[in-house]
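Here is how the chains run, residue by residue.
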Amino acid sequence: MPEGHTLHRLARLHQRRFAGSPVAVSSPQGRFAGPAAVVDGRVLRRTSAWGKHLFHHYADGPIVHVHLGLYGAFTEWERPNGAPLPEPAGQVRMRMVGADYGTDLRGPTVCEVIDEGQVSDVVAKLGPDPLRADADPSSAWARITKSRRPIGALLMDQTVIAGVGNVYRSELLFRHRIDPFRPGRAISEPEFDAAWTDLVALMKVGLRGGAIVVVRPEHDHGPPSYLPSRPRTYVYRRAGEACRVCGGPVRTAELEGRNVFWCPACQR
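As named in an unreviewed UniProt entry, the chain is Endonuclease 8 1, taken from Mycobacterium heidelbergense. Per UniProt, the chain has the following entry under Sequence similarities (unreviewed entry): "Belongs to the FPG family." Listed in UniProt under the heading Catalytic activity (unreviewed entry), the comment for the chain reads: "2'-deoxyribonucleotide-(2'-deoxyribose 5'-phosphate)-2'-deoxyribonucleotide-DNA = a 3'-end 2'-deoxyribonucleotide-(2,3-dehydro-2,3-deoxyribose 5'-phosphate)-DNA + a 5'-end 5'-phospho-2'-deoxyribonucleoside-DNA + H(+)".

Help me understand the packing of aromatic side chains, please; the structure alone is not making it clear to me.
Aromatic rings in a pair are described by how distant their centres are and how their planes are angled relative to each other. On inspection of all chains with the given rule, the structure shows six aromatic pairs. Taken together through their ring pairs, the aromatic side chains of Trp141, Phe192 and Trp196 make up a single cluster. When the ring centre of phenylalanine 174 is taken as reference, the NZ or CZ atom of arginine 177 above it lies at 4.6 Å.

It is not clear to me how the sheet that holds strand S1 (residues 24-26) should be interpreted in this structure. Could you clarify?
Strand pairs in the sheet, formed through backbone hydrogen bonds, run parallel or antiparallel to each other. Here four strands make up an open sheet; going across it, the order is S1-S6-S7-S5 and the pairing antiparallel. With one partner strand each, in any of the chains shown, S1 and strand S5 (73-78) form the two edges of the open sheet. Strand-to-strand twist of the sheet, defined as the mean angle between neighbouring strand axes without regard to direction, takes the value 15°. The pairing of S5 with strand S7 (residues 101-106) spans six bridges and is classified as antiparallel.

What exactly am I supposed to notice about the sheet that holds strand S8 (residues 110-114) here?
As summarised here, the arrangement of the four strands in space is S2-S3-S4-S8, forming an open sheet in which the pairing is antiparallel. Here the strands that pair on one side only, and so sit at the sheet edges, are strand S2 (44-50) and S8. On average, adjacent strands in this sheet sit at an angle of 15° to one another, irrespective of strand direction. For strand S3 (residues 53-58) and strand S4 (residues 63-67), the ladder comprises five bridges, and the chain directions are antiparallel. Of the residues in S4, the one forming a bridge with histidine 56 is valine 64. Helix H1 (residues 4-18) rests against S2 and S3 of the sheet, and its axis sits at about 170° to S2.

I would appreciate a short explanation of the nonpolar core in the present structure.
Nonpolar side chains tend toward joint burial in soluble globular proteins. Counting 36 residues, the largest nonpolar core has Ile151 and Ile161 as the members making the most contacts within it. Mapped onto this core, the elements with two or more residues apiece are helix H4 (138-145), helix H5 (151-154), helix H6 (166-175) and helix H7 (189-209). Ranked by residues supplied to this core, first place goes to H7 with eight residues. Aside from chain neighbours lying at most four places away, what touches isoleucine 151 is Ile144, Leu173, Ile178, Asp179, Pro180, Arg182, Pro183, Gly184 and Ile187. Formed by 21 residues, the second largest nonpolar core is a distinct cluster that contains Val39, Leu44, Phe74 and Cys111.

How should I be thinking about a nonpolar patch on the surface in this particular structure?
On the surface, Met1, Leu70 and Tyr71 cluster together to form a nonpolar patch covering roughly 370 Å² of accessible area. Relative to the assigned elements, methionine 1 resides in the segment before H1.

Would you explain the pattern of salt bridges in this entry?
When their charged atoms lie close together, side chains carrying opposite charge are able to pair. If you walk through the whole model with that rule in mind, you get ten salt bridges. Residue aspartate 104 is joined to arginine 106 by a salt bridge in which the shortest nitrogen-to-oxygen separation is 4.0 Å. Exposure remark for aspartate 104: the relative accessible area of 3% places this residue in the buried category. The residue arginine 182 makes a salt bridge to glutamate 191 at a minimum N-O spacing of 2.9 Å. You can call arginine 182 buried: its relative accessible area is 18%. Residues joined in a network through salt bridges with shared partners are Arg95, Asp104 and Arg106.

About the criteria used
- Residues numbered from 1 in each chain as written.
- Predicted model: local features only at pLDDT ≥ 70, side-chain atom pairs only at ≥ 80, totals over all residues.
- Heavy atoms only, no water.
- UniProt positions renumbered as here; feature names shortened; annotations may be inferred.
- Phe/Tyr/Trp six-rings, centres within 6.5 Å; stacked < 30°, edge-to-face > 60°.
- Lys NZ or Arg CZ within 6 Å of the ring centre and 35° of its normal.
- Pairing = 2+ DSSP bridges.
- Helix = DSSP H or I, 4+ residues; strand = E, 2+ residues; numbered from the N terminus.
- Axes fitted to C-alpha atoms, helices over the stretch in contact; angles between N-to-C directions.
- Contact = heavy atoms within 4.5 Å.
- Core = buried A, V, L, I, M, F, W, Y, C linked by side-chain atoms within 4.5 Å.
- Buried < 20%, exposed > 50% of the residue type's maximum accessible area, 1.4 Å probe, protein only.
- Patch = residues over 30% accessible without salt bridge, like charges linked within 9 Å, V, L, I, M, F, W, Y side chains within 5 Å.
- Areas by Shrake-Rupley, 256 points an atom, 1.4 Å probe, with all protein chains shown as cover.
- Salt bridge = Lys/Arg side-chain N within 4 Å of Asp/Glu carboxyl O.

Spelled out as structure tokens, the structure:
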């Protein structure tokens, strides 16, 4: 599932490519045809993101709300000098076409047209987003310090902190030597403050470069990443391999329906 930095990158990209001009919106697949007709031909005023939610704000009020879920993705393409549109490939839920660029959305969990009040309802259910300038981590700390749930589960709970997925969760806890099964109320305030500050910095790196970079330079060697196109990780998808810091085996287990990765020697 794409993590929060991906949605913020999409918001910035679509702002640059489409905002300020009319946008042709359609649904080649047909499932979004009615809502697409509501915004088709309108000026895209601005884009925004909160956690894993993307919003396209159109003139006169309607807003397209997208949550990519596990399988959703945008495919971006260029049409220099008004070149003919490419044929849709696969099940394209929403196609946006501007003067010089287009994008196709496939497989989202949510793709709908809503209004400002409904946007507020979506956001009201989310925790602070580390990539937003208005983020207030105190609300996340208030929930964590009162909870018996494992901190590894709380970090993935979008009502606690918005935008954190499995990679950031596992890697952040490793970087701060926190066992993912430790109860939230056993996390100290200095530990939370340090982790939040680090999370903000890490997600800003992801926002700028489009990749989750978490391994410090002195540890960025040894076995390659879990995928050729991804930077190395400390523990994520490295079960059974040697920890890059202590050499002990990395472990994995299921935590509230998702696999978590950690080093038992480093994270006590």
